[in-house]
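Reading the structure
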Amino acid sequence: MIIRSTLSQKLATLLIYLILAFVALLCLFPLVHVLAVSLSSSTAASAGVVALWPVDLSFSAYIYALNKAEFIQSLFVSIQRVLIGTGLNLILITLVAYPLSKETSAFRFRTAYVWIFFLTTLFSGGLIPTFMVVQQTGIMNSLWALILPGAVPVFSVVLLLNFFRGLPRELEESASIDGAGPFRILWSIYWPLSVPALATLTLFSMVGHWNAWFDGLIYMHTPDKYPLQSYLQTIVIQQNLQPLSAEDEKLLSEVSNRTFRAAQIFLGALPILVVYPYLQKYFVKGIVLGSVKG
């Protein structure tokens, strides 16, 4: 049977699309504006005449930013953090979520462990106790200080736990009959079937590690250990431009604080903008599939 939409339904659908398009443009406007400012001349940016299109096209801000050793070093630290932190997050989330997805008859103290993890989402240790733990464990001023305190994000554990509970139990029973152990079942059956959920968790973890800036400020003693977002936070506040060398004074005359900051901010957001479209198709599907059972 063919269901024909009435005129009012078509108008309502059109209105919804127009509203969503308007909201999307509002979300894109700041990013496009930052890109336009970064590609404009220092005079145009300082005069405030740049909106959504570059004025007096200039790449001097990007050349200056990419030639700064501090920017490259902080970018390298952030890349290390994302690669190691995301990998560690996925491994630990999987190892925690798999046993907690079992029934009470299979895992006797499952409910107690679930409550322990759940309580950590309601009450945190606080900044000072966390700082003292990081200090006493000897990982201060190292990459591990940025990774280990958040190595097991409980929200992601709950998401993957619910996803695992939605998978058919017959698959695990068949594998057990064939002699497969828990780890073989996890890596050979559960892991391949959980690609949508794992892609979602990968995106969460990558964005979380890439955007984090406060922990870099409190756990790192020297600026050369700062991740990219911590470095950007300091340069946005300090608004400090230093010539790279005597030969770069001409380049510096073509760069203003505003164009320099805009260039670094856009470069900082670019990796996530590149990765997100490849994971976005799994994003909604992973959340929906993981929200069926509790």
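Keep in mind it's a predicted model, so treat the numbers as computed, not measured.

Remark: helix H8 (residues 154-165) packs on helix H11 (residues 195-211), axes separated minimally by 10 Å, with the N-to-C direction vectors making an angle of 175°. One way to sum up the angle between H8 and H11 is to call them roughly antiparallel. Residues Phe155, Ser156, Leu159, Leu160 and Phe163 of H8 lie in contact with H11, whose contacting residues are Ala197, Leu198, Thr200, Leu201 and Phe204. Here the residues of the contact of H8 with H11 sort into eight nonpolar, two polar and no charged.

If you walk through the whole model with that rule in mind, you get ten aromatic pairs. Taking the centre distance of 6.3 Å and the plane angle of 65° together, the rings of Phe71 and Tyr231 count as edge-to-face. In this pair, Phe71 is assigned in helix H4 (residues 69-100) and Tyr231 in helix H13 (residues 228-238), connecting sequence segments 160 residues apart. As far as the burial class goes, Phe71 and Tyr231 line up, both buried. When the ring of Phe131 is compared with that of Tyr219, the centres are 6.3 Å apart and the planes differ by 20°; the resulting orientation is stacked. Placement of the pair is Phe131 in helix H6 (residues 127-136) and Tyr219 in helix H12 (residues 214-219), with a sequence separation of 88 residues.

So, about the pattern of salt bridges. Applying the stated criterion across every chain, the model contains three salt bridges. With a closest N to O distance of 2.2 Å, Lys102 and Glu172 form a salt bridge. Separated by 70 residues along the polypeptide, Lys102 in the loop between H4 and helix H5 (110-122) and Glu172 in helix H9 (residues 169-177) bring together distant segments of the chain. The buried category is assigned to Lys102, whose relative accessible area is 11%. Under the relative-accessibility criterion, Glu172 is labelled buried at 14%. Among the salt bridges present, the one from Glu172 reaches Arg169, with a minimum N-O distance of 3.5 Å. One end of the pair, Glu172, and the other, Arg169, are both in helix H9, three residues apart, so they sit about a helical turn from each other. Linked by salt bridges that have partners in common, Lys102, Arg169 and Glu172 make up one network.

Bringing the side chain of Ser194 into the picture now. Position of Ser194 relative to the elements: it lies in the loop between helix H10 (182-193) and H11. Overall, Ser194 belongs to the buried group, its relative accessible area being 1%. At 2.5 Å, the side chain of Ser194 and the backbone oxygen of Tyr190 are in polar contact. Excluding anything up to four places from it in sequence, Ser194 contacts Leu160, Phe163, Phe164 and Leu167.

This part covers unusual backbone geometry. Positive phi values are uncommon outside glycine, yet Asp56 reaches one of about 55°. Locating Asp56 in the fold gives a position in the loop between helix H2 (42-47) and helix H3 (60-66). With a relative accessible area of 54%, Asp56 lands in the exposed category. Of note, the phi angle at Asn141 is positive, near 65°, even though the residue is not glycine. Along the chain, Asn141 turns up in the loop between H6 and helix H7 (144-147).

Looking at the secondary structure, you find Ser41 in the loop between helix H1 (7-38) and H2. Setting aside residues no more than four positions away along its own chain, Ser41 makes contact with Val55, Asp56, Ser58 and Thr259.

So, about the packing of H5 against H8. H8 packs onto H5 with a crossing angle of 145° between their chain directions and a minimal axis gap of 9 Å. Residue-level contacts link Arg110, Phe117, Thr120 and Thr121 of H5 to Val154, Leu161 and Arg165 of H8. Within the contact of H5 with H8, the residues separate by chemical class into three nonpolar, two polar and two charged.

With that out of the way, let us pick up the environment of Val133. Take Val133: it is sitting in helix H6. Between the C-alpha atom of Val133 and that of Pro149, which follows or precedes it by 16 residues, the distance is 9.0 Å.

The rules behind the values
Residues numbered from 1 in each chain as written. Predicted model: local features only at pLDDT ≥ 70, side-chain atom pairs only at ≥ 80, totals over all residues. Heavy atoms only, no water. Axes fitted to C-alpha atoms, helices over the stretch in contact; angles between N-to-C directions. Helix = DSSP H or I, 4+ residues; strand = E, 2+ residues; numbered from the N terminus. Parallel < 35°, antiparallel > 145°, perpendicular 65-115°, else oblique. Contact = heavy atoms within 4.5 Å. Nonpolar A, V, L, I, M, F, W, Y, C, P; charged D, E, K, R; others polar. Phe/Tyr/Trp six-rings, centres within 6.5 Å; stacked < 30°, edge-to-face > 60°. Buried < 20%, exposed > 50% of the residue type's maximum accessible area, 1.4 Å probe, protein only. Salt bridge = Lys/Arg side-chain N within 4 Å of Asp/Glu carboxyl O. Polar contact = N/O pair within 3.5 Å; in protein donor to acceptor, adjacent residues only side chain to side chain.

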